[in-house]
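# Inside the fold
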Amino acid sequence: MPLASIPSPSQGVWYLFGVVPIRAYALCIVLGVVVAVVIGERRWRARGGEPGTIVDLAVWAVPFGLVGGRLYHVITDWQLYFGPDAPNEPIEALFIWNGGLGIWGAVALGGVGVWLGCRGRGISLTAVADTVAPGIAVAQAIGRWGNYFNQELFGSPTDLPWGLEIDPDRPGTVPGEDTYHPAFLYESIWDLGLALVLIWAGRKFALRHARLFALYVAGYTVGRFWIEGLRVDTAHHILGLRLNQWTSIVLFIGAMAYFWYARNKSDAEQVRPQPDPAVEPVQGETGDADKGEAGAGTEAEPAVTPAASDGEDTADPAHPSDLADPDESDESDESDTVKEDGEPRLVSGALAADDSVDPAHPSDLADQEEKGSR
């Protein structure tokens, strides 16, 4: 036994009122999701998106991610449930609270859920991916502490002061060894550092079109490859490497290839839903609101049309100059028609009697006698 070590929890399940189980593994997963959503919401609003969008997308992502993570674990570690000497019953493949979530399946199938949510809202999947990438890394860092309570995800035996104490009856332990590399802690620290790098890189280089998400995948797989090499629990090996190490290699290459491929993309990404052009706004709902208080009472007033009432003549709205002398307009009870160049024109009776000339038509001065005779 080394002089110093990290003790493991004596239990990972507590019973509320002696009946309801409270599992540390589930609490860590839930806490990680909540923190990721909070971070994603803040980043999405800073990008100009609508508040509540990441929360709505999480409703799609979480159930899809849980199913995908569990499927990956069961498929890659099928011998734990369906092998001839399986330590677990087949039905326990559904017991997600006992641990066993593959991050690759969780991200892949969770991404499908986010894609469905983005399609329904009319926003860009790539914009959402870049926004939530740092939050996903933080969620993984928190979720890994569930492995600590379950005494799983530990490495090879070690005498280092931070060696993790593991019960000798746990799967993957080595006879005669009591302390192991805390692989869960290594990955948790790595994920937190990766989140900080992603936030910095996103601001420094303005990475868009899922390039920041690709950087997250590449960064995570580098750390995962190293941490997987420390583990001694049962796993499939191909050419001397664990299956998850090969998965890390493939995903790292794919992420770097996409990061390079999308380097010249500059088209705008949709962060707000676009209104449906087929739906026309209802009159009085949008137009009236834009008018504000100043126009609130104008539409209620009836339109006034010029008309004669009680024997009074109204001014021609096309000639506001008629309003210059209201006394003069009151004297005109009749209108004479003057025809000039073949076009009829209206001249007030008062003007005709006074032989006044229409100031708008100076050509009338050409023949004063003719005008008077008319």
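Look a little higher up for the structure.
About the criteria used
Residues numbered from 1 in each chain as written. Predicted model: local features only at pLDDT ≥ 70, side-chain atom pairs only at ≥ 80, totals over all residues. Heavy atoms only, no water. Helix = DSSP H or I, 4+ residues; strand = E, 2+ residues; numbered from the N terminus. Buried < 20%, exposed > 50% of the residue type's maximum accessible area, 1.4 Å probe, protein only. Contact = heavy atoms within 4.5 Å. Areas by Shrake-Rupley, 256 points an atom, 1.4 Å probe, with all protein chains shown as cover. Polar contact = N/O pair within 3.5 Å; in protein donor to acceptor, adjacent residues only side chain to side chain. Bend = angle between axes of the 7 residues up to and from the residue. Axes fitted to C-alpha atoms, helices over the stretch in contact; angles between N-to-C directions. Parallel < 35°, antiparallel > 145°, perpendicular 65-115°, else oblique. Left-handed = near helix turned anticlockwise from the far one by under 90°. Pairing = 2+ DSSP bridges. Core = buried A, V, L, I, M, F, W, Y, C linked by side-chain atoms within 4.5 Å. Expected span 1.5 Å × (residues − 1). Phe/Tyr/Trp six-rings, centres within 6.5 Å; stacked < 30°, edge-to-face > 60°. Lys NZ or Arg CZ within 6 Å of the ring centre and 35° of its normal. Nonpolar A, V, L, I, M, F, W, Y, C, P; charged D, E, K, R; others polar.

### Things to note about the overall build of the protein
Regarding its fold elements, the protein presents 13 helices and 8 strands. Taking all 374 residues of the protein together, 34% fall into the buried category. Put simply, of all contacts in the protein between residues at least 6 apart along the chain, 64% involve residues at least 24 apart. Accessible area of the protein: about 22,700 Å², with a carbon and sulfur share of 61%.

### Regarding the side chain of T76
Position of T76 relative to the elements: it lies in helix α2 (residues 53-76). At 3.3 Å, the side chain of T76 forms a polar contact with the backbone oxygen of H73. Those residues in contact with T76 that sit more than four places away from it in its chain are H236 and L243.

### Here we look at helix α5 (residues 125-143)
The sharpest bend along α5 reaches about 40° and sits at V132, with the proline P134 one to four residues further on. With 16 of 19 residues buried, α5 is to be regarded as a mostly interior element.

### Focus: the packing of helix α7 (residues 183-205) against helix α8 (residues 211-228)
Between α7 and α8, whose axes approach to 10 Å, the crossing angle comes to 155°. With respect to α8, the element α7 is oriented roughly antiparallel. Classified by chirality, the crossing of α8 by α7 is right-handed. The segment α7 lies against α8, with A183, Y186, E187, W190, D191, L194, L198, A201 and G202 engaging L212, L215, Y216, G219, Y220, V222, G223, R224, W226 and I227.

### Describing the pairing of strand β2 (residues 20-23)
A regular strand places its side chains on the two faces of the sheet in alternate fashion. Note: strand β1 (residues 13-16) against β2, 4 bridges, orientation antiparallel. Along β2, the bridge assignment pairs L16 with V20. As consecutive antiparallel partners, β1 and β2 are separated by 3 residues, and within that stretch F17 has a phi angle of approximately 60°, a positive value.

### Here's the deal with the nonpolar core
If you look at the biggest cluster of nonpolar residues, it comprises 19 residues, and the most contacted ones within it are W104, L194, L198, Y216, Y220 and A255. Sorting the residues of this core by element identifies α4 (103-121), α5, α7 and α8 as the ones contributing at least two each. No other element matches the 6 residues that α8 contributes to this core. Discounting chain neighbours no more than four positions away, the residues touching W104 are Y72, Y220, T221, R224, N244, T247, S248 and L251. If you look at the next biggest cluster of nonpolar residues, it comprises 13 residues, including W44, C118, I123 and V271.

### A look at the environment of P161
Note on placement: P161 falls in the loop between α6 (145-149) and β3 (164-165). Once the C-alpha coordinates of P161 and T179 are considered, the two residues, 18 residues apart in sequence, prove to be 9.5 Å apart. Ignoring sequence-local partners within four residues, the contact set of P161 consists of A4, S5 and I6.

### What to know about unusual backbone geometry
Positive phi outside glycine occurs at Q151, with the angle close to 50°. For Q151, the position within the fold is in the loop between α6 and β3. Here the phi dihedral of L153 falls at roughly 60°; this positive angle occurs in a residue that is not glycine.

### With respect to α4
Across its 19 residues, α4 extends 26 Å between first and last C-alpha, which sits within 8% of the 27 Å expected from 1.5 Å per residue. Those residues of α4 that fall on the buried side of the exposure criterion are I103, W104, G105, G110, G113, V114, G117 and C118. Here the buried face of α4 lies against α2, α5, α8 and α9 (243-261).

### Let's talk about the packing of aromatic side chains
The description of an aromatic ring pair uses the distance of the two centres, along with the angle that the planes make with each other. The full count for this structure, using the stated rule, is 13 aromatic pairs. Arranged with centres 5.0 Å apart and planes meeting at 80°, the rings of W145 and F184 form a pair that is edge-to-face. Within this pair, whereas W145 is found in helix α6, its partner F184 is found in helix α7, the two being separated by 39 residues in sequence. With centroids separated by 5.6 Å and ring planes inclined at 90°, the aromatic side chains of W200 and F205 adopt a geometry described as edge-to-face. For the pair W200 and F205, a shared accessibility class is recorded, and that class is exposed. Ring pairs connect the aromatic residues W14, W145, Y148, F149 and F184, which therefore count as one cluster. Positioned above the aromatic ring of F259 is the side chain of R211, whose terminal nitrogen or guanidinium carbon lies 4.0 Å from the ring centre.

### What to know about the packing of helix α1 (residues 24-46) against α5
Running from amino to carboxyl end, α1 crosses α5 at an angle of 150°, the nearest separation of the two axes being 8 Å. Classified by the angle between their axes, α1 and α5 sit roughly antiparallel to one another. Along this stretch, α1 crosses α5, giving a crossing that reads as right-handed. Mapping the contact onto sequence places C28, I29, L31, G32, V33, V35, A36, I39, G40, R43 and W44 in α1 and A127, V128, D130, T131, P134, G135, I136, V138, A139, I142 and G143 in α5. Looking at the contact of α1 with α5 residue by residue, the class counts come to 15 nonpolar, 5 polar and 2 charged.

### So, the side chain of N244
Following the sequence through the fold, N244 ends up in helix α9. A distance of 3.2 Å separates the side chain of N244 from the side chain of W104, its partner in a polar contact. With near-sequence residues (within four places) excluded, N244 lies in contact with Y72, W104, R224 and E228.

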